[in-house]
Amino acid sequence: HGNWNAAVKLADVTAYGIEDMAFNYVTKKLYSLGANNTIYSVDLYTGALAKEFTVSVINTRNASCTKLQGLGINENGEFYAVCHGGDGYEFAAQSYKFTLDMVVDGEIKDLNALKGKYSTGYIGGYSDNGQKLAWDFENDKMFYYSWGRYDIDTVGYLTETGGINSANSGLKIQMSGMYFEG
């Protein structure tokens with residue numbers, strides 16, 4: 001979409017450990033997920049980051065794996081995130097949903113994974129190297145992508161219970177992000 005040669009670096013955000021970004025159409029803000037499960041707002045003109053809040057999560061499959069990687073926001077302003085499964089626990093990744101009104105004193109504490117009739121928020125995807133989320137406005141689905149060290153990649157969408165309805169698995173690709181036009 002355009003001339004990449006004319007791109008201008010706005011800000012150096014490498015120190016923030018950015019994992020993923022998503023635009024909130026309700027607040028009209030771009031948010032990024034950084035190290036230590038920190039959610040930042042991104043200034044659309046300067047690229048500067050401002051800390052908004054942190055999120056601590058409970059992983060019922062592997063208590064030591066609570067690092068969030070993917071971030072997506074639906075058209076209602078609801079945030080979705082997925083956590084890393086951890087070394088040796090690649091299938092322990094879980095999914096989470098939160099809103100801005102859950103933030104108290106700059107944090108959301110002890111967020112539980114999505115749960116439903118047949119799920120405890122367990123994703124079922126292989127996720128040891130990275131995960132990305134993006135809201136598909138046309139189909140009202142939160143799409144998910146993960147890549148693993150053994151070339152086991154998963155593309156699908158999060159279900160209401162937090163699992164993955166896999167559209168494809170075993171792909172040999174690597175994406176750095178996803179975006180669906182709103």
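The rules behind each value
- Residues numbered from 1 in each chain as written.
- Predicted model: local features only at pLDDT ≥ 70, side-chain atom pairs only at ≥ 80, totals over all residues.
- Heavy atoms only, no water.
- Pairing = 2+ DSSP bridges.
- Helix = DSSP H or I, 4+ residues; strand = E, 2+ residues; numbered from the N terminus.
- Axes fitted to C-alpha atoms, helices over the stretch in contact; angles between N-to-C directions.
- Phe/Tyr/Trp six-rings, centres within 6.5 Å; stacked < 30°, edge-to-face > 60°.
- Buried < 20%, exposed > 50% of the residue type's maximum accessible area, 1.4 Å probe, protein only.

## A look at the sheet that holds strand β5 (residues 68–73)
Thinking step 1. Here three strands make up an open sheet; going across it, the order is β5-β6-β7 and the pairing antiparallel. Across the chains shown, the open sheet's two edge strands, defined by having one partner strand only, are β5 and β7 (95–98). Averaged over all pairs of adjacent strands, the angle between their axes in this sheet comes to 25°, without regard to strand direction.
Thinking step 2. Looking at chain direction, strand β6 (residues 79–83) and β7 are connected through four bridges and run antiparallel. Within β7, the residue paired with Val82 across the bridge is Ser95.

## Here's the deal with the packing of aromatic side chains
Thinking step 1. Enumeration according to the criterion identifies six aromatic pairs in this entry.
Thinking step 2. Here the aromatic rings of Phe23 and Tyr25 are separated by 4.8 Å at their centres, their planes lie at 75°, and the arrangement is edge-to-face.
Thinking step 3. Since its relative accessible area comes to 24%, Phe23 is described here as partly exposed.
Thinking step 4. On the basis of relative accessibility, which here comes to 28%, the residue Tyr25 falls in the partly exposed class.
Thinking step 5. Aromatic side chains Tyr31 and Phe79 sit 5.1 Å apart centroid to centroid with 70° between the ring planes, which places their arrangement in the edge-to-face category. Highlighted residues: Tyr31 in strand β2 (residues 29–34) and Phe79 in strand β6, separated in sequence by 48 residues.
Thinking step 6. Cluster of aromatic residues (ring-pair linked, three or more members): Tyr31, Phe53, Phe79 and Phe98.

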